[in-house]
Amino acid sequence: MYSAFREKMDSIGKTYEACNFFHYMCDNEKVVKTSYGEMYQRVSGMEEKLISIGFRKGDRAALLAPVSPETILTGFSLAYAGITSVLLDASLPIEELEKLIKFSDVRAVFTTEEIYHGLKNAFADKLDFFELISGEELISYQTGKSIAALKAA
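Notes on the structure follow. (Residues numbered from 1 in each chain as written. Predicted model: local features only at pLDDT ≥ 70, side-chain atom pairs only at ≥ 80, totals over all residues. Heavy atoms only, no water.)

## What about the packing of aromatic side chains?
A complete count under the given rule lists ten aromatic pairs for this structure. Geometrically, the ring pair formed by Phe-110 and Phe-130 is stacked, given 5.2 Å between the ring centres and 25 degrees between the ring planes. With a gap of 20 residues between them, Phe-110 in strand 5 (residues 108-111) and Phe-130 in strand 6 (residues 128-131) connect regions that are remote in the sequence. A single burial state applies to Phe-110 and to Phe-130, both of which are buried. In this structure, Arg-6 is placed above the aromatic ring of Tyr-80, and the distance from its NZ or CZ to the ring centre is 4.1 Å. (Phe/Tyr/Trp six-rings, centres within 6.5 Å; stacked < 30°, edge-to-face > 60°. Helix = DSSP H or I, 4+ residues; strand = E, 2+ residues; numbered from the N terminus. Buried < 20%, exposed > 50% of the residue type's maximum accessible area, 1.4 Å probe, protein only. Lys NZ or Arg CZ within 6 Å of the ring centre and 35° of its normal.)

Right under this line is the structure:
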């Protein structure tokens, strides 16, 4: 299943490189535009970073955030790397999210800063928490640093 997704992403990213992938209007009315080429570069480039911190194909990671371009890029990046995304509804109360995260047996959570602050005490030393993927770097909430910066230190 993951190989078919990778092949499709490789094909789409190269074939439609210059075409718009999405236009997104933020709450402040700023419009974010991303091309298929930019999307593909971010998604395919994240695989090595995920593997470098110990993710393996078949691992599970919770994706817990309102729908946004970053949420979509994070989901695509995880799938491209062969990681199963457990999609959780960000509007649920923190107590329910805690139960669902425990039940889902994930090894990390990709989320927003607000949700991280609500969950960090329940999972302080048990899970890694990361910002949603928006650029070239993978940022840890626990350290506030990119994975590349941590490896260089």
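## Section: the environment of Ser-52
Mapped onto the elements of the fold, Ser-52 is located in helix 2 (residues 36-52). Residue Ser-52 is classed as partly exposed on the basis of its relative accessible area of 34%. Spatially, the C-alpha atoms of Ser-52 and Pro-93 are 33 Å apart, while their sequence positions differ by 41 residues.

## Section: the side chain of Thr-71
Tracing the backbone shows Thr-71 in helix 3 (residues 69-80). At 3.0 Å, the side chain of Thr-71 and the side chain of Ser-68 are in polar contact. Setting aside chain neighbours within four positions, we find Thr-71 in contact with Leu-63, Ala-65, Pro-66 and Leu-132. (Polar contact = N/O pair within 3.5 Å; in protein donor to acceptor, adjacent residues only side chain to side chain. Contact = heavy atoms within 4.5 Å.)

## What to know about helix 2
For helix 2, built from 17 residues, the straight-helix expectation of 24 Å at 1.5 Å per residue is met to within 8% by its first-to-last C-alpha distance of 25 Å. Helix geometry: helix 2 is bent most strongly at Met-46, by close to 25 degrees. Of the residues making up helix 2, those classed as buried are Gly-37, Met-39, Tyr-40, Val-43, Met-46, Glu-47 and Leu-50. One or two steps after helix 2, the chain reaches Gly-54, where phi turns positive at roughly 110 degrees. (Expected span 1.5 Å × (residues − 1). Bend = angle between axes of the 7 residues up to and from the residue.)

## Points about helix 3
For helix 3, spanning twelve residues, the distance from its first C-alpha to its last is 16 Å, which sits close to the expected 16 Å at 1.5 Å a residue. For helix 3, a buried count of nine out of twelve residues is recorded, marking the element as mostly surrounded by other parts of the structure. Pro-69, Thr-71, Leu-73, Thr-74, Gly-75, Ser-77, Leu-78, Ala-79 and Tyr-80 are the residues of helix 3 that are buried. Immediately beyond the C-terminal end of helix 3, within one or two residues, lies Gly-82, with a positive phi of roughly 85 degrees.

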